[in-house]
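The lines below spell out each chain.
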Amino acid sequence: MQPGRPILFRNGTVLSMDPAIGVIEGGDVLVRGQQIERVGRDLPAPDDAEIIDASGGILMPGMIDTHRHMWQTAMRGFGADWTLTQYFVFYYLNWGKIFRPEDIYAGNLLSAIESLDAGVTTTVDWSHGLRTPEHGDAAVEAFRAVPGRFVLAYGNLLGAPWEWSNSPEFRSFVDRNSWDDMLGLQMAFDVTGDAAFPEKGAFEAARELDLRVTTHAGVWGATTDDSIALMWDNGFMTPKVTYVHASTLSPDSYHRIAASGGSVSIATESEQSAGQGYPTSWQLRKYGIPASLSMDTSVWWSGDLFSAMRATLSADRSREHLEAQNAGETVVHNSLRAEQVVEWATMGGARTLGLEDVIGSLTPGKKADVVLIKNDRSPVMFPILHPYGHVVFQAGRGDVHTVLVNGKVVKHQHELVGIDLAKARSAVTATVEFARREMGGQEWNACMNPEIPATDVIANPYTYTDYKGQGVAVRSDS
Ligand SMILES: [Zn+2]
């Protein structure tokens, strides 16, 4: 691939996610410079264009993850069996303090590369491991090394948000970096529900700096309706707030989010495993709240929005069937459709970031964040009959063939382009060795393998008896 030449994707199924363009079978996408120039059929190829054969594949906008604690990717999979309580004890109480700037760098670098590989062209780094501005510099350094689009949501789980956000060190960090649509800045902090509302100072800092705020809300046992009420009463619920999870809130809180123009980041795999509450898409539908999708953290899960789309659609339908069946009824039409979760993974994320005019759809004039899902060696890539359903239930990250970010090829023919995976590997290896040494082998193992609660198997009134050789079960008391 020669940099600087126009790129013409030829003859794919185009999911533009732009209502004015819709789905185009046998469609082309022409990219010139940083932008999408044309979308249509049989586009004339510029003389110097690189042609990418998209036949048998699906072209879609780059996916957008609106909440991931990227630094935790250095501990990938460590917490696979955790609950939220175990996560809190690990990071907030015991071990969050050990992670150094180079560990933030390592996790962010690997997570950023993982995003691009999976077709996630924009990732919000909910970066609450920034104990010092040097940790923040390390996060930024990782993003500068990877040709993706990122938003640093600056946070510090060991500090008070009203203090760090107003410190000269943080203000200097904001001033000495340049922020744009390739690397944006937000503030990330939670509202505890303390009636004195100490977070007020942090919201005022965000307002003064004109930064969006992302906050874990409606998290069972942690952030409740009290937090929403405090934000509302103090005038800090605006369209520039993202409510992460929002899975255990009252009707009044959902109404307030809807009325204020805020949006919710649904992290279904997280909510299902960690226990913040039931994945909230079924509520958002009722209250008319805009949504985006997120993966939360690779200390448990992947950084792969195929998983997010699939889990979210399945969880929503599970809930709808369960509620109907509890009422003795049958769902005959599913409310949530595959198209909707693809929309949340693309335009929904763009809206959440205030970048709906820049990314999120294959619209001429927008920045060229483009994903080609194509895998000629896979038995799963044909036939493509329902393209949205294909993206959600059939395709996976291994089918991501080509990825463009800002017009630049970062993955082609299933291979990352211009990305130093070996560097990420050695950085993460060093972090893992460091963390294991700091914690000690016994603590390391104990944290990774939490206790399993006892399960009482219910006494079974039947005994399996080979009754006359027929293999028939009989009641043991009969
Ligand atoms: Zn989170």
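Since the structure is predicted, the reported quantities are computational estimates derived from the model, not experimental observations. In this convention, every chain numbers its residues from 1, walking through the sequence in written order. Only residues with pLDDT of at least 70 are given local features in this predicted model, and only at 80 or more are side-chain atom pairs given and counted; all residues enter the totals for whole chains, interfaces and linings. Note: side-chain values were computed over all heavy atoms of the structure, leaving out hydrogens and water.

(A) Representation of the layout of surface pockets. When its volume is computed, the largest pocket comes out at roughly 480 Å³. As defined here, a cavity is a set of points on a 1 Å grid over the protein atoms alone where a 1.4 Å probe fits but cannot get out. A pocket is an open set with protein on both sides within 12 Å along at least five of seven lines, and residues line them when an atom is within 4 Å of a point. Lining the largest pocket are 29 residues, with F88, Y92, F189, D190 and H216 positioned closest to its centre. In this description a helix means any DSSP run of H or I spanning at least four residues, a strand means any run of E spanning at least two, and both kinds are numbered starting from the N terminus. No other element matches helix 1 (residues 84–95), which puts four residues into the lining of the largest pocket. The residue inventory of the lining of the largest pocket, partitioned by class, reads 15 nonpolar, eleven polar and three charged. Grid points are joined across faces, edges and corners, and a volume is the space filled by probe spheres set on the points. Each pocket or cavity is described by its volume, and for the second largest pocket that value is around 300 Å³. Along the wall of the second largest pocket there are 15 residues; nearest its centre are D180, G184, L185, R212 and L353. Think of it as three bins: nonpolar holds Ala, Val, Leu, Ile, Met, Phe, Trp, Tyr, Cys and Pro, charged holds Asp, Glu, Lys and Arg, and polar takes everything else, Gly as well.

(B) Representation of the UniProt feature "domain: Amidohydrolase-related" (unreviewed entry) in the protein chain in the model. UniProt positions are given in the numbering used here, feature names are shortened, and annotations may be inferred rather than shown by experiment. Per the UniProt record, "domain: Amidohydrolase-related" (unreviewed entry) is annotated on residues 58–410. Here residues 58–410 is 40% helix and 17% strand, with 17 Å between the C-alpha atoms at its ends.

(C) Summary view of the coordination of the zinc ion. Note: metal donors comprise N, O and S atoms at 2.8 Å or less from the metal (3.2 Å for Na, K and Ca); water molecules are not included, so apparent gaps in a site are possible. Here the zinc ion is held by the protein donor atoms H67 (NE2), H69 (NE2), H216 (NE2) and D296 (OD), which lie 2.1 to 2.4 Å from it. Sequence positions of the donors to the zinc ion reduce to the motif H-x1-H-x146-H-x79-D. Of this pair, H216 sits in strand 10 (residues 212–217) while D296 sits in the loop between strand 13 (291–293) and helix 11 (305–326), and the two are 80 residues apart along the sequence. Take D296: its relative accessible area is 5%, and that puts it in the buried class. Here's how the labels work: a residue is buried when its accessible area is under 20% of the maximum for its type, exposed when over 50%, partly exposed in between, all with a 1.4 Å probe on protein chains only.

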